[in-house]
Amino acid sequence: MIFTKLKLINFKSHENTIIKFDKGISVIVGENGAGKSTILEGISFALFKQHTGKKIDDLVRNNAQSMLVELGFTSNGRQYKIIREKKSNLTSSIYKKTSADGDYVHICSGDKEVANEIRQILDIDSDLFLNAIYIRQGEISELVDKTPAEKKKLIGKLLGIDSLEKAWNNLLPLITDYENELSELKGKLYNSDELKENLEKKKDELNSLKERGHELEKNIEEVNELRDEISESKRNMEREKEIYEAQSNNLISEEKTLSKLENDKRTVQDDLDKINNAEEEIERLEKYVSKLDTYLDFEKSVTSIQNLKEKEKEINEKIDSINRQKEIIADNKENYNKFLVSDEEISKLDEQKLSLEKELATMAKLEKDKKDFLKQIEDERNDIDNFFSRAKEKLHDNGLDQDIVAGIDNFTQIENATNDFLDETSTKIKDLGKDIISKNEDIVVFKQNIKACERPLEELGEIDNKCPVCQSDIDENKKKELVDQYSNDIETNKRLISENEEAVRLLTKNKESFEEKYDILLDLSKNIIEYKQKFNHLQSEIYKLNEIDEKLESKEYISNKLGEIILLIANKKSERESCQESYDLYNQAQGALEVLGSVTELQYQLNQINNEIDNHVSSIKWVIEQDPHLSGDISEEELQDRINDLKQKNEEFNQLKGFVKNKQSYLTQLDSIKEDIGMSINQIDIIKNKINASVYDEEKYEQIIYRSDMYERRYNTFNNELSEIKGRARETIVYVKDLTEKIEKADKFQQEYNDVSDYINLLNHIRSLYSKNGIQKDLRNISRPLIQKYTKEFFNEFNFNYSDLTLDEEYDVTVYGPEGKSSMSMVSGGEKIAIALALRLGITQAMSNGELDTILLDEPTIHLDNSRKHELINLLKEMSLLPQMIIVTHEAQLENAADNLIKVEKVNGISNVIV
Ligand SMILES: Nc1ncnc2c1ncn2[C@@H]1O[C@H](COP(=O)(O)OP(=O)(O)OP(=O)(O)O)[C@@H](O)[C@H]1O
Ligand SMILES: [Mg+2]
């Protein structure tokens, strides 16, 4: 790595600094505090964010808001730049140039990403950078002062053997992982021999199952052929059987049909025989039947005559009754009319009585109301009278003249008197108020007068012989006169004040008593208005009472009238009662006449009945002529018996007639049945022929069925065994597969176990090689003589009085002088710096064949005396072991050694670089 450019913006004391670095020695000079070390810190901050501040904010120049550090460098022929910028946060980015003249391209951003990228590009970390490359001010002897462990670690890093240590460390978890895997595998290991034996057995079992399976398949095939054959014959035979059975069934049914037809034939023949017998019976009954109507007519006429005679009797009775009722009406007519007249008069009188009674009831209510009303009026009147006398008393009590009070007689008078009195009192109150105000005003004037006297009186006491008003000189007498005058005036005014105050008190008291009176009169005036209204109301009620009295005056007249009418009604009622019987008889007779109807009508009905009776007598005569067995004196019972006998015969005759009507239909039925019987016999012959022609043989059929069942059974037995064998074979195959997999797995685990175990041994071996005491030690020991050689060479350049320098295994330095050997704790401070620098340069020299290109030294000459400084400077000047050295120094001598001289100065707190 070679640094090419550094840009610092607001980085500590640098406001805007750009420095270009070249190969060779760059010397940075300047006064204390100029900002030299800051330049190296800028490089360190850009590369690894390493700085001496407590926090990054300390790096931002005072008063600046943001900060930027940009570092350009080359590595492996490529050019890079790192930019660290702080605004609110710190951002980091790294860029790479695509070619020498090309542009920078962004590689990555972010703290972690940039740190990783730098580590990859440079192959160093911040530790290595701080220990081998950047030797900070005052830290030059640190390398020799480190503890053995730190030193070993650092040397390891410098020699690049820390990666072996890392590998040694990293191998441990790897080995642990494999050891875990090994114990897991151990758990999985098992013996596969037993499994293999079992597998062979199962394979044999599977083969025998397969053989039996083949055998069964052959058997099934054979039995199947036989099954096919027999089922063919079975099918043929079943077809024949079906035909045979169908014909047999046909025969049975046809024979049934024939027997039913013959049955029907017999039944119809029987019915026909019955019809012939019935025809004979009809002929016998016919002559009786013709007589029935004659007998019925006879019976009807006899009954009708009887009924008509009954009616004739009833009508005659009615006519007699009508005559009797007419007589009654004529006898009672006069009394009946009298009754009606009295009755009408009574109802009129009743109406009058009712209206008078109503009027009397109204008056009774009025009388009751009048009592209540009177009481109310009395109460109101008392209340008003009381108020009136109280009001007059009140007026008198409050000072109204007795004569005026005595003269008050009505409400208008009392109202006017009260209002006048109120006005009078109000005027009085106003006058008294005015008096009080005027008295108070007087008091104010008297008080002012006192004040006007008090001041000159006071001045007269303090100042001698001067008039307090005009300031003219006065003698003692005049002064005394003035004092007396002022004192008298004060006294007079004080007296007047107290007199007036007494007057005000009396006036106020007086006024208050009038005000009290005014309030009482005001209340009274309000009450008078209220009672005046009550009085008016009372007047209107008295008027209403008078009206009631007027109404009640007619009461006596009405009750006398009512008495007269009641008497009249009683007389009329006794008159009516004496005619009551005749009235009732008349009404009954009249009602009976209305029910009985007219005599003319009844006479007409009698004529009609006689005509009808005549007609029936002549028809009876005609019937007797027709039948010699009938006569007018035949008893009713006998007549009934004969009619009943004839009716029975007639019914029989009609039934037989109905029965005989079906004769033709029976004849037709018989013919049709006979025809069907013929056809049925023919059909039976045909079926019998067909049955005789059938080839179906029951014995043969049963044999076929037996054989078919036997083959079926055999087929099923073989098939069942075959499926069982197939199932077992399937199970065995799965079992064999499982076993095979298990055996394979066991073999695989064993193989894996062996591999992992070998691998662990190998890793342990490698780890022991990588250990501190392994290759690390070897490498350290191999490099040690070379480092020791270079260190010694650099150390010799300082021309100390030491003859030799050695490095032990722990890289502890020992020097040998005339006094013998000295360890680091024994040498002087300057000697220690020289030794430490020589060791650093020695290590750097040993490693420089590629790894390190540059070194940053901050004040390396410090603590050295002049001649040593000179020697170091010469040493550095002549050194060409590194392509680039950047040295910060105060030594002007070193400026001569510089290939590039960088001067730093600080103006107004800001560092500037002069190249
Ligand atoms: N944040 C900051 N802003 C401004 N100035 C700062 C800031 N931090 C440090 N400085 C100043 O920067 C100056 C430079 O210090 P630096 O260590 O670079 O000086 P130097 O040139 O190495 O001096 P010496 O020869 O004494 O070692 C100091 O004076 C310090 O006060
Ligand atoms: Mg410094």
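This one's a predicted model, so the numbers in the text were calculated from it and none came from an experiment. (Residues numbered from 1 in each chain as written. Chains lettered and ligands numbered in written order. Predicted model: local features only at pLDDT ≥ 70, side-chain atom pairs only at ≥ 80, totals over all residues. Heavy atoms only, no water.)

## Considering the overall build of the chain
Right, on to step 1. Scanning the chain from N- to C-terminus turns up 21 helices and 15 strands.
Right, on to step 2. In terms of overall size, the chain is more extended than a compact globule, its C-alpha atoms giving a radius of gyration of 84 Å where 915 residues would be expected to give roughly 29 Å.
Right, on to step 3. Projecting the C-alpha coordinates of the chain onto the three principal axes gives extents of approximately 210 × 190 × 55 Å.
Right, on to step 4. Put simply, 74% of the contacts in the chain that link residues at least 6 apart link residues at least 24 apart.
Right, on to step 5. Placing the 132 positive and 183 negative side-chain charges of the chain at their respective mean positions leaves the two points 7 Å apart. (Helix = DSSP H or I, 4+ residues; strand = E, 2+ residues; numbered from the N terminus. Rg over C-alpha atoms; globule rule 2.2 N^0.38 Å. Contact = heavy atoms within 4.5 Å. Lys, Arg positive; Asp, Glu negative; His and termini not counted. Charge placed at Lys NZ, Arg CZ, Asp CG, Glu CD.)

## Quick word on the coordination of the magnesium ion (ligand 2)
Right, on to step 1. The magnesium ion (ligand 2) binds to the protein through Ser37 (OG) and Gln137 (OE1); the donor distances cover 2.0 to 2.5 Å. A residue pair is termed long-range when its members are at least 10 positions apart, and Ser37 in helix α1 (residues 36-48) and Gln137 in the loop between β8 (134-135) and α4 (142-145) qualify at 100 residues.
Right, on to step 2. We classify Ser37 as partly exposed; its relative accessible area is 24%.
Right, on to step 3. The exposure class assigned to Gln137 is partly exposed, which follows from its relative accessible area of 40%. (Donors = N, O, S within 2.8 Å, 3.2 Å for Na, K, Ca; no water. Buried < 20%, exposed > 50% of the residue type's maximum accessible area, 1.4 Å probe, protein only.)

## Some points on the packing of aromatic side chains
Right, on to step 1. Within this structure, the stated rule accounts for 14 aromatic pairs.
Right, on to step 2. Pairing Tyr244 with Tyr696 gives two aromatic rings, centres 5.2 Å apart and planes at 35°, and the pair type is tilted. Separated by 452 residues along the polypeptide, Tyr244 in helix α7 (residues 193-289) and Tyr696 in the loop between α16 (663-693) and α17 (698-770) bring together distant segments of the chain.
Right, on to step 3. Put simply, the rings of Tyr336, Phe339, Tyr583 and Tyr586 touch in pairs and so form one group of aromatic residues.
Right, on to step 4. Stacked on the ring of Tyr134, the Lys or Arg Arg136 has its end atom at 5.9 Å from the ring centre. (Phe/Tyr/Trp six-rings, centres within 6.5 Å; stacked < 30°, edge-to-face > 60°. Lys NZ or Arg CZ within 6 Å of the ring centre and 35° of its normal.)

## Thoughts on the environment of Ile305
Right, on to step 1. On the secondary structure map, Ile305 appears in helix α8 (residues 292-397).
Right, on to step 2. The contacts of Ile305, once residues within four sequence positions are left out, are Ile613, His616, Val617 and Ile620.

## Examining the nonpolar core
Right, on to step 1. Counting residues in hydrophobic clusters, the biggest one holds 94 residues, and the most contacted among them are Phe3, Phe21, Ile43, Leu47, Phe73, Phe129 and Leu856.
Right, on to step 2. With 10 residues, the single largest contributor to this core is helix α19 (residues 829-847).
Right, on to step 3. If sequence neighbours within four positions are ignored, Ile43 has contacts with Phe3, Leu6, Phe21, Leu71, Leu856 and Ile886.
Right, on to step 4. Listed in part, the 32 residues of the second largest apolar core include Ile408, Leu422, Leu521 and Leu562. (Core = buried A, V, L, I, M, F, W, Y, C linked by side-chain atoms within 4.5 Å.)

## Some words on the site of ligand 1
Right, on to step 1. Around ligand 1, a shell composed of 17 residues is seen, among which Asn32, Gly33, Lys36, Thr38 and Lys906 lie nearest.
Right, on to step 2. Within the backbone of Val60, one N or O atom sits 3.1 Å away from a nitrogen atom of ligand 1.
Right, on to step 3. If ligand 1 stood free it would expose 650 Å²; the protein chains cover 72% of that surface.
Right, on to step 4. Tallied by class, residues from the shell around ligand 1 come to two nonpolar, nine polar and six charged. (Near = heavy atom within 4 Å. Polar contact = N/O pair within 3.5 Å; in protein donor to acceptor, adjacent residues only side chain to side chain. Areas by Shrake-Rupley, 256 points an atom, 1.4 Å probe, with all protein chains shown as cover. Nonpolar A, V, L, I, M, F, W, Y, C, P; charged D, E, K, R; others polar.)

## Describing the pairing of strand β7 (residues 104-109)
Right, on to step 1. Taken together, the five bridges between strand β6 (residues 90-97) and β7 define a ladder with antiparallel strand orientation. Bridging across to β7, Ile94 finds its partner in Cys108.
Right, on to step 2. Hairpin connection from β6 to β7: six residues lie between these consecutive antiparallel strands. (Pairing = 2+ DSSP bridges.)

## Section: the pattern of salt bridges
Right, on to step 1. On inspection of all chains with the given rule, the structure shows 39 salt bridges.
Right, on to step 2. As a salt-bridge pair, Glu345 and Lys572 come within 2.5 Å of each other at their nearest N and O atoms. Here Lys572 lies in helix α12 (residues 555-578) and Glu345 lies in helix α8, a separation of 227 residues in the sequence.
Right, on to step 3. Among the residues examined, Lys572 registers a relative accessible area of 19% and is labelled buried.
Right, on to step 4. Where Glu515 meets Lys511, a salt bridge forms, and the shortest distance between an N and an O atom there is 3.3 Å. With Glu515 and Lys511 both in helix α11 (residues 476-552) and four residues apart, this pair spans about one turn of that helix.
Right, on to step 5. For Glu515, a relative accessible area of 30% puts it in the partly exposed group.
Right, on to step 6. Lys511 sits in the partly exposed class, given a relative accessible area of 23%.
Right, on to step 7. Here the residues in one salt-bridge network are Arg212, Glu215 and Glu721, joined through shared partners. (Salt bridge = Lys/Arg side-chain N within 4 Å of Asp/Glu carboxyl O.)

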